[in-house]
Structure formats: structure tokens, C-alpha cells
Amino acid sequence: MSTVPPPPAYAQDAHSRRPRVDQREEAGGRWAVASGCWTAMAMSSRTSWDALEKSLAGTPAQDGRAWDLRPIDQLDHIGAQLLWNHWQHEWPARLEMESQHKAVLDQVAQYTCRAPAEPAKTLAERLRDFAHIGPRIMFVARDFLRLIGQLTLDIGKLLSAPHRAPWRDFSGHLYHFGATALPITALVGLLIGVVLAYLTSQQLRQYGGEAFIVNILGLSLIRELGPVLAAVLIAGRSGSAITAQIGVMRVTEELDAMRVMGIPHGFRLVMPRVLALAIAMPLISMWTSMAALLGGMIAADLTLDIGPAYFMTALPRAVPLTNLWLAMGKSAVFGVMIALIACYFGMKVKPNTESLGRGTTSSVVASITVVILVDALFAVLFRGVGFRA
């Protein structure tokens, strides 16, 4: 018969020295008995701290319980402060302890003060806070308007001297922003169309309105979801790339070299990217809408037995052509805003990698936010356009 050997003496000693709080019933009263070493060294291990925190949580401070601190071996100011905070800065109704422990607790109680409550901000403080934020907003608006004005002048220069325009840069950006984005936008659009068709068919089948799935998919995908989805994808894909490209040029001092050589930043960096995205975005939007309609048509055929022939025949009648022109015009505005915001944050990058990462993140967030705001503005301004009476 085998027996379990007792733990070594040093293990028993370490366990007995751990700070803890036990419960005791004596003479009709409840006692909380603290024992062990209440020192910073004893509470430094994670195991000891978790056990002590658990035992204190099970011992409420203001429930008429008496406290016995005589079994405590050592007590320093850290342990005394922990007890004093647990007692909510008030002495228990009954307390038993040694004289040396009382001296430490008296000193902690004398010099411990409550954190003052933070007063509510006055009107003057609120105005002062706004005064710190207001100039920043004005500086951002000023710099962004300056960028727009410089773009207008550069376009005028392009129209007056087209042979001096950076057509090679423009064609390269058009390829990278447009042609290389076709696979991902088609995939996402196809999946969105399938999901939207499946969800819509579940509701239309209950009311016998299966034929209206063409109207719902046509209007929602061509007018709203297609342009917004394409803009969000381009903002995360191309907008971040624009900011990173210009930001790296700032870090490597290429922008300073261009300024020394007399090469204008707006004409060679901003204008080609803005024009490329302004032209590519409507085409990408139409491409994404077509992929989403294809996914919706496949899902409608599988769930509602609405064949592709009926879908293609009913789509022009359900969705007027005005919606397509509205979507393309809206997408062109999206492209211009995404390019301008990306170029703005790229120009504001400081010559360090931390600023480059922060500027790229801010560019994507600001672009997506502006896309949603502009889409809401278009929805309000053209709420009566593109619908059959």
C-alpha cells in the first residue's frame, strides 16, 4: 500500500506565509481572521494575489463583522493600505491586532485621502476646449481647400497644354486603380448579390411577390449598393496605396527633391491620381453592379425558379436608365473624394514610419466616412429621380 509523501517543509512554510482572510464564528459573532504575511513581497506572485483578492471579495467590509489581525506575521504599508481600502477608509466596529500592526494602520489611516471628485466642466472650460479643436479643423479645411484649388489650376493647365501632361503616370494609375481591382470587386459583388437575393426571396415567398425580386435587386444594387460597395473597396485598396506611396516619398525626401527641381506636386502627383480614380470609379461601380446582379439572378433561379431570360427582360422595365447615370455620376464623385483625401493625408505624413502608418489608417477611415456621407447627400437630393410613377 503506497502513501502520498507529505509536502516539503519549505512548501508548507510558503503556503502558511501567504496572506489570506478566513471566516470564524465565535460567541454569536462573525469574525474575519487575517493571517500570513501582508507584505509587498508576499503579494507579488499572481497566485497569492488572486487568492487574497478572492478571500477579500467574500468578506464584505460593512456587514458588522469583527476583524482579528493578530495572526498576521508581518504587515507593511502595502498590506495596511489594502486593508484600509477594503474597509472603505473606516475602522471596523471591533478590531483586534498587535501594537506594531496598529502603528502601521494608524499611519496609513492618517495619510490616506480620498481622490477628489472631478467637477463638471464650466462653460468657459468647454469654450477653451473647443478653441483648441477649432483651429485644427480650420487648418484642415484650409489645406484641403487649397488642395482642391490647386487641382482646379492644374486641370486648367492640362487643358491649355495637354502635351505637357503626365499621361504615362495617368495611364499607369488608371490600370492599377481600375483593371487590377476588377477581380476582387467582381467576387465581392457576386457574393453580395447572392446573399441579398436569398434573404429577399425568403420574405417575398411568404406574400407571393416573387416577381418583385427583380425590382428590389435592380434598384438596390444599381442605385445604391453597387457604387457604395465599389467605393468602400477602392478606398481600402487604392486610397491606402495612394497615401502610402506619397507618404514614402515624404519619408525618403523625394517630395523635397521634386520641389528643388521645380516639379509641382499637384500637377505630377495629385492630378493624375484624381483623374484616374474619377474615370475608373464609374466603370468599377458598373462592373460591381453587374457582378452583383449576376449573383442575384443565379440565386433567384435557384430559390424562386425565376429564369435568367425573365430576369433580363424585366430588369429594364423595373429599373429606369436614369438610375445607372445617377450611379455613375455618384461614383465619379466618390473617386474624386477618395483620391483627394488619400493625397491630402499622404502630403501630411511626417518623415517617420509611425506617421506613415497613422496617415494611411486615417486616410482609409476618412475616405469611407466621406463616401457614406456623400451617398446620403445624393440620396436626399435625388430622392425623386429614377423611380417610375
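A few points on the structure. Keep in mind that this is a model prediction, so the values were computed, not measured.

## Description of unusual backbone geometry
Working step 1: Positive phi values are uncommon outside glycine, yet E253 reaches one of about 65°.
Working step 2: Within the element layout of this structure, E253 appears in the loop between helix 8 (213-251) and helix 9 (254-260).
Working step 3: Among the residues examined, E253 registers a relative accessible area of 53% and is labelled exposed.
Working step 4: Of note in this structure, D305 is not a glycine but carries a positive phi near 60°.

## Let's talk about the side chain of S48
Working step 1: Structurally, S48 is set in helix 2 (residues 46-57).
Working step 2: Residue S48 is classed as buried on the basis of its relative accessible area of 5%.
Working step 3: Looking at S48, its side chain comes within polar contact range of the side chain of S45, at 2.8 Å.
Working step 4: Here S48 is in contact with R18 and A42, once residues within four sequence places are set aside.

## Considerations on the pattern of salt bridges
Working step 1: All chains considered together, the criterion is met by 12 salt bridges.
Working step 2: Between R268 and D169 there is a salt bridge whose closest N-O contact spans 3.3 Å. With R268 in helix 10 (residues 265-304) and D169 in helix 6 (residues 167-177), the pair connects residues that are 99 residues apart, well separated along the chain.
Working step 3: Among the residues examined, D169 registers a relative accessible area of 27% and is labelled partly exposed.
Working step 4: Residue E354 pairs with R358 through a salt bridge whose shortest N-O separation is 3.5 Å. Of this pair, E354 and R358 both sit in helix 13 (residues 353-381), separated by four residues, roughly a single helical turn.

## A look at the environment of P19
Working step 1: Among the structural elements, P19 can be located in the loop between helix 1 (9-16) and strand 1 (20-26).
Working step 2: The class for P19 is buried, based on a relative accessible area of 3%.
Working step 3: Sequence-wise, P19 and S363 are 344 residues apart; in three dimensions their C-alpha atoms are separated by 53 Å.
Working step 4: Look past the residues within four positions of P19 in its chain and what remains in contact with it is S35, G36, C37, W38, A42, M43 and L52.

## Focus: the packing of helix 10 against helix 12 (residues 321-347)
Working step 1: One can describe the packing of helix 10 onto helix 12 by two numbers: an axis separation of 7 Å at closest approach and a directional angle of 150°. Overall, the two elements helix 10 and helix 12 adopt an arrangement that is roughly antiparallel. Crossing angle aside, the handedness with which helix 10 passes helix 12 is right-handed.
Working step 2: Counted by class, the contact of helix 10 with helix 12 contains 19 nonpolar, four polar and one charged residues.

## Section: helix 3 (residues 77-86)
Working step 1: All of the buried residues in helix 3 are G79, A80, L82, L83, W84 and H86.
Working step 2: Lining the buried residues of helix 3 we find strand 2 (29-38), helix 2, strand 3 (66-68), strand 4 (72-75) and helix 4 (99-111).
Working step 3: Immediately beyond the C-terminal end of helix 3, within one or two residues, lies Q88, with a positive phi of roughly 60°.

## As for the packing of helix 3 against helix 4
Packed helices, taken two at a time, are described by the angle between their axes plus the distance between the axes.
Working step 1: Contact geometry of helix 3 with helix 4 gives a least axis separation of 9 Å together with a crossing angle of 65°. For helix 3 against helix 4, the interelement crossing comes out right-handed. Residues H77, A80, Q81 and W84 of helix 3 touch helix 4, and the partners they reach there are V104, L105, Q107, V108 and A109.
Working step 2: Looking at side-chain class alone, the contact of helix 3 with helix 4 contains six nonpolar, three polar and no charged residues.

## Things to note about the packing of aromatic side chains
Working step 1: For the coordinates displayed, the defined rule picks out seven aromatic pairs.
Working step 2: Residues W87 and W91 carry aromatic rings whose centres are separated by 6.2 Å and whose planes lie at 45° to one another, so their mutual orientation is tilted.
Working step 3: Considering the side-chain rings of F144 and Y344, the 6.0 Å spacing of their centres and the 75° angle between planes classify their relative orientation as edge-to-face. With F144 in helix 5 (residues 123-160) and Y344 in helix 12, the pair connects residues that are 200 residues apart, well separated along the chain. Assigned by exposure class, F144 and Y344 land together as buried.

The rules behind each value
Residues numbered from 1 in each chain as written. Predicted model: local features only at pLDDT ≥ 70, side-chain atom pairs only at ≥ 80, totals over all residues. Heavy atoms only, no water. Helix = DSSP H or I, 4+ residues; strand = E, 2+ residues; numbered from the N terminus. Buried < 20%, exposed > 50% of the residue type's maximum accessible area, 1.4 Å probe, protein only. Polar contact = N/O pair within 3.5 Å; in protein donor to acceptor, adjacent residues only side chain to side chain. Contact = heavy atoms within 4.5 Å. Salt bridge = Lys/Arg side-chain N within 4 Å of Asp/Glu carboxyl O. Axes fitted to C-alpha atoms, helices over the stretch in contact; angles between N-to-C directions. Parallel < 35°, antiparallel > 145°, perpendicular 65-115°, else oblique. Left-handed = near helix turned anticlockwise from the far one by under 90°. Nonpolar A, V, L, I, M, F, W, Y, C, P; charged D, E, K, R; others polar. Phe/Tyr/Trp six-rings, centres within 6.5 Å; stacked < 30°, edge-to-face > 60°.

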